[in-house]
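# Inside the fold
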Amino acid sequence: MLTNSTEKMSWKLAPICVAFMLISMAGCGSLKLPASFDGFSPISKPEVESKTPEKNRGTYEVIMKPRYGKGSKTTLPIKDTVLLQNVLESSGAVKKYKAMNITIYRQVKGSPVPLQMQCDYDSAKDSVSDAENYEIYPNDQVLLEEVSNSKVGKLISDLSPLDR
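Figured I'd write up the structure that's included with this text.

Reading the values: rules and limits
Residues numbered from 1 in each chain as written. Predicted model: local features only at pLDDT ≥ 70, side-chain atom pairs only at ≥ 80, totals over all residues. Heavy atoms only, no water. Salt bridge = Lys/Arg side-chain N within 4 Å of Asp/Glu carboxyl O. Helix = DSSP H or I, 4+ residues; strand = E, 2+ residues; numbered from the N terminus. Buried < 20%, exposed > 50% of the residue type's maximum accessible area, 1.4 Å probe, protein only. Contact = heavy atoms within 4.5 Å. Pairing = 2+ DSSP bridges. Axes fitted to C-alpha atoms, helices over the stretch in contact; angles between N-to-C directions. Polar contact = N/O pair within 3.5 Å; in protein donor to acceptor, adjacent residues only side chain to side chain.

Under the definition given, this model contains four salt bridges. For the salt bridge of K73 with E61, the shortest nitrogen-to-oxygen distance reads 3.8 Å. With K73 in strand β2 (residues 72–78) and E61 in strand β1 (residues 58–65), this pair connects stretches of sequence that are 12 residues apart. Residue classification places E61 among the buried residues on the basis of a relative accessible area of 18%.

To continue, consider the side chain of S127. Tracing the backbone shows S127 in strand β6 (residues 127–128). The residues contacting S127, other than those within four sequence positions of it, are Q85, Y121 and D122.

The five strands are arranged β2-β1-β7-β3-β4 in an open sheet whose pairing can be described as mixed. Both edges of this open sheet fall to β2 and β4 (115–119), since each of them pairs with a single strand only. Going across the sheet, the axis of each strand differs from the next one's by a mean of 20 degrees, ignoring polarity. Pairing between β1 and strand β7 (residues 141–146): five bridges, direction parallel. Considered in β7, the bridge of E61 is made with Q141.

A few words now on the pairing of β1. Two faces, one strand: in a regular strand the side chains alternate between the faces of the sheet. The pairing of β1 with β2 spans seven bridges and is classified as antiparallel. Looking at β2, one finds that E61 is bridged to T75. In sequence, β1 turns back onto β2 through a hairpin of six residues, with G69 there showing a positive phi of about 100 degrees.

What follows concerns the side chain of Q85. Looking at the element boundaries, Q85 is found in helix α3 (residues 84–91). In this structure the side chain of Q85 is engaged in a polar contact, spanning 3.3 Å, whose partner is the backbone oxygen of D126. Beyond its immediate sequence surroundings of up to four residues, Q85 is in contact with D126, S127, V128 and N133.

Note that all results are geometric; they support no functional claim without further evidence.
Spelled out as structure tokens, the structure:
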């Protein structure tokens, strides 16, 4: 049973409880900030998402080695997920080379020798297979070597002692 003193106290707390319930049901988005925060206004969620800079996760290198002539080396940033097929298309190797050997060199923690991943290129489809379309990680080196597309050229390059 409530006494007079506890009944008066519960009536004093009632407005606070009602205000707390209204605030919790309405959510924080409907609250107005006091004028003491000169120039501060809350930013809505779409504005915050549009202002986030693109995350740069690191860089990778593309080394293009033609059969004849001088090769090139390019360092590119990794912004989102970069797959090997994206590297082939963005570097222009698909248009420049009819056939190529692709090797990805990846540094392995605790090992002085990088991991070598050989990838087969299908010149008829101008792509690598889905099973070998690896994701490119920071500090990877992608070596794109032009090779002969003809069977005779492949036989000569296999027998050539100069490349070894």
